[in-house]
There are 2 protein chains.
Amino acid sequence: MARLVMKFGGTSVADLERIGNVARHVAREVRAGNEVAVVVSAMAGETDKLVQLCRAASVLHDAREYDTVVSAGEQVSAGLLAIVLQGMGVNARSWLGWQIAVSTDSAHGAARITDIRPDILLERLGQGQVAIIAGFQGLAPDNRITTLGRGGSDTSAVAVAAAIGAERCDIYTDVDGVYTTDPRIVPQAQRLAKVAFEEMLEMASLGSKVLQVRSVELAMVHGVRTFVRSSFDDPEAPQTGEGNQTVGTLICDEDEIVEKQLVTGIAYSKDEAKITLRRVEDKPGVAAAIFGPLADSGINVDMIVQNISEDGRATDITFTVTTADFERAMALIDELKSEVAMESVSGSSDVAKVSVIGIGMRSHAGVASQAFQALASRGINIQLITTSEIKISVLIDAAYTELAVRTLHSIYELDKT
Amino acid sequence: MARLVMKFGGTSVADLERIGNVARHVAREVRAGNEVAVVVSAMAGETDKLVQLCRAASVLHDAREYDTVVSAGEQVSAGLLAIVLQGMGVNARSWLGWQIAVSTDSAHGAARITDIRPDILLERLGQGQVAIIAGFQGLAPDNRITTLGRGGSDTSAVAVAAAIGAERCDIYTDVDGVYTTDPRIVPQAQRLAKVAFEEMLEMASLGSKVLQVRSVELAMVHGVRTFVRSSFDDPEAPQTGEGNQTVGTLICDEDEIVEKQLVTGIAYSKDEAKITLRRVEDKPGVAAAIFGPLADSGINVDMIVQNISEDGRATDITFTVTTADFERAMALIDELKSEVAMESVSGSSDVAKVSVIGIGMRSHAGVASQAFQALASRGINIQLITTSEIKISVLIDAAYTELAVRTLHSIYELDKT
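These numbers were taken from a predicted model, which means no experiment stands behind them. Sequence order as written defines residue numbering, which begins from 1 separately in each chain. Each chain gets a letter, beginning with A, and each ligand a number, beginning with 1, in the order they are written. Restriction of local features to residues with pLDDT of at least 70 applies here, the model being predicted, together with a cutoff of 80 or more for giving and counting side-chain atom pairs; totals for whole chains, interfaces and linings are based on all residues.

1. Observations regarding the overall build of chain A
Step number 1: Strands are runs of DSSP state E lasting at least two residues, helices are runs of H or I lasting at least four, and both sets are numbered from the N terminus onward. When helices and strands are counted, chain A shows 13 helices and 18 strands.
Step number 2: A compact globule built from 417 residues should have a C-alpha radius of gyration of about 22 Å, and chain A, at 23 Å, falls within 12% of that.
Step number 3: With C-beta atoms placed from the backbone, a residue is buried if 20 or more other C-beta atoms are within 10 Å of its own, exposed if 12 or fewer are, and partly exposed between those counts. The proportion of buried residues among the 417 residues of chain A is 48%.
Step number 4: Across chain A, every contact between residues at least 6 apart in sequence was considered, and the portion connecting residues at least 24 apart equals 74%. What the globule rule says is 2.2 Å times the number of residues to the power 0.38, and the radius of gyration is computed from C-alpha atoms. Each residue is represented by a C-beta atom placed from its backbone, and any two residues with such atoms within 7 Å are regarded as in contact.

2. Describing the interface of chain B and chain A
Step number 1: Across the contact, 27 residues belong to chain B and 27 residues belong to chain A.
Step number 2: At the level of elements, helix 2 (46-57), helix 3 (63-70), helix 4 (72-87) and helix 5 (97-100) of chain B are the ones that each hand at least two residues to the side of chain B that touches chain A.
Step number 3: Looking at the side of chain B that touches chain A, the element that brings in the most residues is helix 4 of chain B, giving 11 residues.
Step number 4: When its residues are assigned to classes, the side of chain B that touches chain A shows 15 nonpolar, 10 polar and two charged. Polar here means any residue outside two lists: the nonpolar Ala, Val, Leu, Ile, Met, Phe, Trp, Tyr, Cys and Pro, and the charged Asp, Glu, Lys and Arg; Gly therefore counts as polar.

3. Things to note about the packing of helix 10 (residues 286-296) of chain A against helix 11 (residues 323-336) of chain A
Residues and elements named next belong to chain A.
Step number 1: Here helix 10 crosses helix 11 at 135°, and the two axes come no closer than 10 Å. As judged from the angle between their axes, helix 10 and helix 11 are oblique. Helix-helix and strand crossings are classified by hand; for helix 10 and helix 11 the assignment is right-handed. Seen from helix 10, the contacting residues are Ile 290, Pro 293 and Leu 294; seen from helix 11, they are Ala 329, Leu 332 and Leu 336.
Step number 2: Split into classes, the residues belonging to the contact of helix 10 with helix 11 amount to six nonpolar, no polar and no charged. An axis is simply a line fitted to the C-alpha atoms; with a helix, the fit covers only the stretch in contact. Between two such axes, the angle follows the N-to-C directions and lies from 0 to 180 degrees. Working rule for angles: under 35 degrees goes down as roughly parallel, over 145 as roughly antiparallel, 65 to 115 as roughly perpendicular, anything else as oblique. Two helices cross in a left-handed way if the nearer one is turned anticlockwise from the farther one by less than a right angle. They cross in a right-handed way if the turn is clockwise.

4. So, the domain arrangement of chain A
All names here are of chain A.
Step number 1: Those domain boundaries reflect an automatic or database domain assignment. Assigned domains of chain A: these are domain 1 (3-254) and domain 2 (265-411).
Step number 2: Centre-to-centre, using C-alpha coordinates, domain 1 lies 33 Å away from domain 2.
Step number 3: Facing the 14 residues of domain 1 at the interface are 17 residues of domain 2.
Step number 4: Of all the elements, helix 8 (residues 197-205) adds the most residues to the side of domain 1 that touches domain 2, at four residues.
Step number 5: Partitioned by chemical class, the residues of the side of domain 1 that touches domain 2 number six nonpolar, four polar and four charged.

5. Observations concerning the relation of the copies chain B and chain A
Step number 1: We superpose the copies by least squares over the C-alpha atoms of residues that have a pLDDT of at least 70 in both of them. If you rotate chain B by 180° and push it 0.0 Å along the axis, it lands on chain A with an RMSD of 0.1 Å. Such a combination of turn and shift is consistent with a two-fold rotation axis. In terms of proximity to the rotation axis, the leading residue of chain B is Ala 72 of chain B, whose C-alpha is 2.6 Å off the axis.
Step number 2: The fraction of interface residues of chain B whose copies in chain A are also interface residues reaches 100%, indicating that both copies meet through the same surface.

6. Some points on the pairing of strand 16 (residues 344-357) of chain A
Residues and elements named next belong to chain A.
Step number 1: For strand 13 (residues 265-281) and strand 16, the ladder comprises 11 bridges, and the chain directions are antiparallel. Counterpart to Ile 275 in the pairing with strand 16 is Gly 347.
Step number 2: Two strands qualify as a pair provided that DSSP identifies no fewer than 2 bridges between them. Bridging between strand 16 and strand 18 (residues 391-397) involves seven bridges; their strand directions are antiparallel. The residue bridging Val 351 from the neighbouring strand is Asp 397, located in strand 18.

7. A word on the sheet that holds strand 3 (residues 92-95) of chain A
Residues and elements named next belong to chain A.
Step number 1: Spatially, the eight strands line up as an open sheet ordered 3-6-2-1-9-11-12-10, and their pairing is mixed. If you trace the sheet from one side to the other, it starts and ends with strand 3 and strand 10 (194-196), each paired once. If you compare each strand with its neighbour and ignore which way they point, the axes differ by 20° on average.
Step number 2: Pairing analysis gives three bridges linking strand 10 to strand 12 (residues 249-252), with the strands arranged parallel. Residue pairing across strands places Lys 194 opposite Leu 250, the latter belonging to strand 12.
Step number 3: Its contacts with the sheet put helix 7 (residues 152-164) on strand 1 (3-8), strand 2 (35-40), strand 6 (130-134), strand 9 (168-173) and strand 11 (226-230), and the angle it makes with strand 1 is roughly 175°.

8. Concerning unusual backbone geometry
Step number 1: Following Ile 100 of chain A, the chain continues to Ala 101 of chain A via a peptide bond in cis, the omega torsion being -25°.
Step number 2: Among the secondary structure elements, Ala 101 of chain A is positioned in the loop between helix 5 (97-100) and strand 4 (102-104).
Step number 3: Here Phe 136 of chain B, not a glycine, exhibits a phi torsion of approximately 75°, which is positive.
Step number 4: When you line up the elements, Phe 136 of chain B lands in the loop between strand 6 (130-134) and strand 7 (137-139).
Step number 5: Looking at Phe 136 of chain B, the number of C-beta atoms within 10 Å reads 30, which means it is buried.

9. Overview of the environment of Thr 226 of chain A
Residues and elements named next belong to chain A.
Step number 1: Within the fold, Thr 226 resides in strand 11.
Step number 2: When the C-alpha positions of Thr 226 and Glu 167 are compared, they lie 9.3 Å apart, and in sequence the two are 59 residues distant.
Step number 3: Among all residues touching Thr 226, those that are not within four sequence positions of it are Val 158, Cys 169, Ile 171, Ala 219 and Ile 251.

10. Regarding the nonpolar core
Step number 1: Each nonpolar core consists of buried Ala, Val, Leu, Ile, Met, Phe, Trp, Tyr and Cys residues. Their C-beta atoms, within 7 Å, join them into a set. Counting residues in hydrophobic clusters, the biggest one holds 249 residues, and the most contacted among them are Val 38 and Leu 81 of chain A together with Val 38 and Leu 81 of chain B.
Step number 2: The contacts of Leu 81 of chain B, once residues within four sequence positions are left out, are Val 13, Ile 19, Val 22, Ala 23, Val 38, Val 40 and Ile 132 of chain B.

11. Remarks on the environment of Cys 169 of chain A
All names here are of chain A.
Step number 1: Of note, Cys 169 is situated in strand 9.
Step number 2: In this structure, the C-alpha to C-alpha distance between Cys 169 and Ala 82, residues 87 residues apart in sequence, is 19 Å.
Step number 3: The residues contacting Cys 169, other than those within four sequence positions of it, are Val 5, Lys 7, Ala 157, Val 158, Ala 161, Val 224 and Thr 226.

12. Digging into the confidence of the model for chain A
Parts of the prediction with low pLDDT should not have their coordinates interpreted in detail.
Step number 1: Residue-level confidence of the predictor is summarised by pLDDT, bounded by 0 at the bottom and 100 at the top. On average, residues of chain A score 92 in pLDDT, and 97% of them are at 70 or above.
Step number 2: Complex prediction metrics read pTM 0.85 and ipTM 0.83.

13. A closer look at the sheet that holds strand 18 of chain A
All names here are of chain A.
Step number 1: The six strands are arranged 14-15-13-16-18-17 in an open sheet whose pairing can be described as antiparallel. Both edges of this open sheet fall to strand 14 (304-306) and strand 17 (382-388), since each of them pairs with a single strand only. Adjacent strand axes in the sheet meet at a mean angle of 25° when their direction is disregarded.
Step number 2: The pairing of strand 17 with strand 18 spans six bridges and is antiparallel. Note that in strand 18 the partner of Ile 382 across the bridge is Ile 396.
Step number 3: Those strands touched by helix 11 are strand 13, strand 15 (314-321) and strand 16, and its axis lies near 10° from that of strand 13.
Step number 4: This element, helix 12 (residues 367-377), spans strand 16, strand 17 and strand 18 of the sheet and lies at about 20° to strand 18.

14. Examining helix 2 of chain B
Step number 1: Helix span, expected: 1.5 Å multiplied by one less than the number of residues in the helix. Under the 1.5 Å per step criterion, the end-to-end length of helix 2 of chain B is 17 Å for 12 residues, consistent within 8% with the ideal 16 Å.
Step number 2: Check the buried side of helix 2 of chain B and you find it contacts helix 1 (16-31) and helix 4 (72-87) of chain A together with helix 3 and helix 4 of chain B.

15. Points about helix 7 of chain A
All names here are of chain A.
Step number 1: Over its 13 residues, helix 7 runs 18 Å from end to end, which matches the ideal 18 Å to within 8%, given 1.5 Å per residue.
Step number 2: Most of helix 7 is tucked away, with 12 of its 13 residues classed as buried.
Step number 3: Every buried residue belonging to helix 7 is among Gly 152, Ser 153, Asp 154, Thr 155, Ser 156, Ala 157, Val 158, Ala 159, Val 160, Ala 161, Ala 162 and Ala 163, and all of these are buried.
Step number 4: Directly after helix 7, the chain includes Gly 165, whose backbone phi takes a positive value near 65°.

16. Some remarks on the environment of Val 39 of chain B
Step number 1: As for its position among the elements, Val 39 of chain B is in strand 2 (residues 35-40).
Step number 2: Expressed as a C-alpha distance, the spacing of Val 39 of chain B and Phe 8 of chain B, which sit 31 residues apart in the sequence, is 6.4 Å.

17. Remarks on the packing of helix 4 of chain A against helix 3 of chain B
Step number 1: Closest axis-to-axis distance for the helix 4 of chain A/helix 3 of chain B pair is 8 Å, and the angle between their directions is 160°. Taken together, the axes of helix 4 of chain A and helix 3 of chain B lie roughly antiparallel to each other. At the point where helix 4 of chain A passes helix 3 of chain B, the crossing takes the left-handed sense. Along the contact surface, helix 4 of chain A presents Gln 75, Val 76, Ala 78, Gly 79, Leu 80, Ala 82 and Ile 83 of chain A, while helix 3 of chain B presents Glu 65, Thr 68 and Val 69 of chain B.
Step number 2: The residue inventory of the contact of helix 4 of chain A with helix 3 of chain B, partitioned by class, reads six nonpolar, three polar and one charged.

This is the structure:
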């Protein structure tokens with residue numbers, strides 16, 4: 001017997017037929033003697049529809065009211081799954097964010113979970129009742145509904161798993177695991193059996209859409225073993241492998257990974273834009289004067305490169321933001337010109353970031369130079385470089401993205417089974 | 001300055017354009033210096049869609065989960081109206097049943113409001129903020145969402161008006177008031193300027209769809225003056241008449257009605273079925289043995305007629321139920337045959353109830369006989385009769401419904417302006 005959290009995304013609960021399939025997955029785990037909490041997203045398309053309504057209602061819509069509206073989708077899918085399970089003879093009850101209570105901060109639209117009271121859930125699980133929790137939603141200190149941002153149901157699931165001390169959090173999604181890279185670009189991409197939390201965090205941050213970044217952070221902090229698998233598997237098929245599952249990827253502590261790879265995966269993101277400030281006056285406080293206002297406006301700056309000035313008076317600064325923030329960032333820098341002297345500002349959203357990720361590279365020098373050589377040999381110019389202990393990222397011309405991904409995937413031998 | 005409740009039904013908030021129209025009605029009242037609480041239904045069609053999903057999910061769906069699912073509709077419309085009002089510069093905030101809290105009993109699907117805490121609403125109204133309340137929903141003692149049954153938003157509105165001591169509850173709907181009878185049957189039907197609570201209660205009970213029965217009961221008990229008007233009026237048109245409104249019907253205490261009519265309206269309902277038990281053994285306790293089990297099964301029996309038995313041994317009993325309960329009632333009576341001796345059971349849903357309503361008939365004899373004569377002169381056979389102080393109802397062959405309504409509408413001179 002184990003305590004499990006099972007999370008199902010929007011495509012997995014898109015209609016009643018699929019909800020029936022979800023219910024059979026749940027029933028299987030219940031039959032196996034597990035205590036089961038389920039976290040669901042809204043039926044596919046519902047959240048988009050509600051978001052569109054809010055936007056059409058007013059361009060500058062209030063975030064509190066937005067959250068009230070868009071959280072309705074999960075309320076519906078949670079209730080429907082409870083009804084379907086009950087119809088199959090499985091004892092089940094739905095729970096909304098405010099009912100259990102999933103406490104969050106007040107950052108409406110992108111709230112962070114601060115606490116989940118486990119008492120109601122543990123009591124019901126102990127009685128053999130499946131708890132079906134509406135994902136994506138929580139309760140702010142002022143008693144209003146919050147939402148956790150896109151993909152927030154993953155975070156709900158991991159937070160519930162941490163709160164009730166679940167043995168594992170199973171993320172049922174429309175892919176059957178985490179791959180070495182995007183299989184649409186590299187058909188030979190391999191499904192990873194295990195990925196360390198740190199690696200998954202980098203992959204999620206760098207554009208892999210499998211899990212929301214915050215859910216991975218939370219899983220890492222609380223040590224929640226998270227298993228990504230396909231919701232389209234036959235629910236009645238014999239379950240083998242990790243946690244009696246068929247196929248999927250376990251995201252876990254690196255201690256659980258016996259054979260560590262040098263490089264685990266290649267990630268990429270085309271959602272990048274670069275801004276270059278030429279001949280900025282070179283004096284203390286200039287960086288703060290530029291990046292302070294950007295941060296204050298909620299613009300996330302990712303890569304930053306500042307060259308040493310040749311004459312000691314002026315320097316070039318280049319940084320990247322998401323394409324969504326590009327126009328706003330350019331406008332902000334334009335305003336700053338009156339305070340910070342600079343010769344010119346230029347920007348481009350025609351760039352992509354490609355990253356090599358692997359906890360193995362911590363103890364192996366040469367991974368980075370291997371990447372740079374391989375890209376150079378293909379004629380791909382590197383515009384910016386950033387590195388961390390387990391990651392190397394380069395900014396390149398967007399047109400070369402696929403070529404760069406294929407090249408790197410190949411040189412680290414990720415194509416081999 | 002007055003404190004007002006404004007209620008808008010599903011067709012009034014069917015899309016963003018209509019929600020904009022609703023917002024202009026609200027803005028007008030705010031500009032006039034009123035404290036305004038608004039109660040909204042779900043966007044037209046949404047509740048039906050959610051009900052269909054529940055039914056398709058499981059025939060015997062759990063009422064708690066049903067309420068969780070179907071209450072999502074009002075959550076969306078309340079949030080959207082708040083967004084639209086804010087976009088127009090009107091300070092507004094949405095409130096769900098559990099947030100304020102609209103306490104109800106545990107009768108999921110048809111819950112009764114037991115209490116509404118006025119403190120949050122009064123505080124916000126006092127700050128000049130419009131309170132937008134999701135209708136149709138409440139909170140059961142066990143912290144689960146309840147719904148109030150079809151048309152429940154009317155009841156929400158009247159209950160809110162009673163709780164905050166509103167001067168008037170304005171029901172904006174798709175008709176411009178309460179008519180002497182259904183204008184689709186009698187084109188000369190007149191809109192009533194005022195109707196007494198008791199009369200409106202009879203009209204609502206007898207099939208007038210303008211207001212939910214329970215909302216009228218509640219308005220009567222708490223003396224909430226309720227004004228029915230059209231939501232399709234030009235929101236910016238000059239407001240004249242009762243409470244600065246253009247046209248509509250005020251439902252109020254009869255003391256407020258100066259010129260009392262003998263008969264106020266003619267109501268009808270085709271949602272009737274009759275069941276006749278022939279030669280039931282005539283002994284004490286027979287009626288209880290028949291109607292007890294029906295009540296226990298939640299079947300509402302309306303008219304009952306028992307003839308005196310000719311031979312002192314057997315009697316005929318006829319009663320009516322709604323068409324929805326007809327099959328169940330017949331099956332139940334069939335089971336009872338083993339306990340209560342009777343010769344035969346027959347039933348028909350091919351009947352209609354037509355009623356004459358008016359508080360004036362209390363003090364005037366002869367209203368009933370006038371009706372019977374008029375129907376007889378048209379060759380309409382009366383199958384059953386029931387009367388109250390302010391109402392006469394007859395059960396007739398359904399084919400004669402329109403003829404009976406027109407005939408009665410005419411003899412009491414309701415056709416005249």
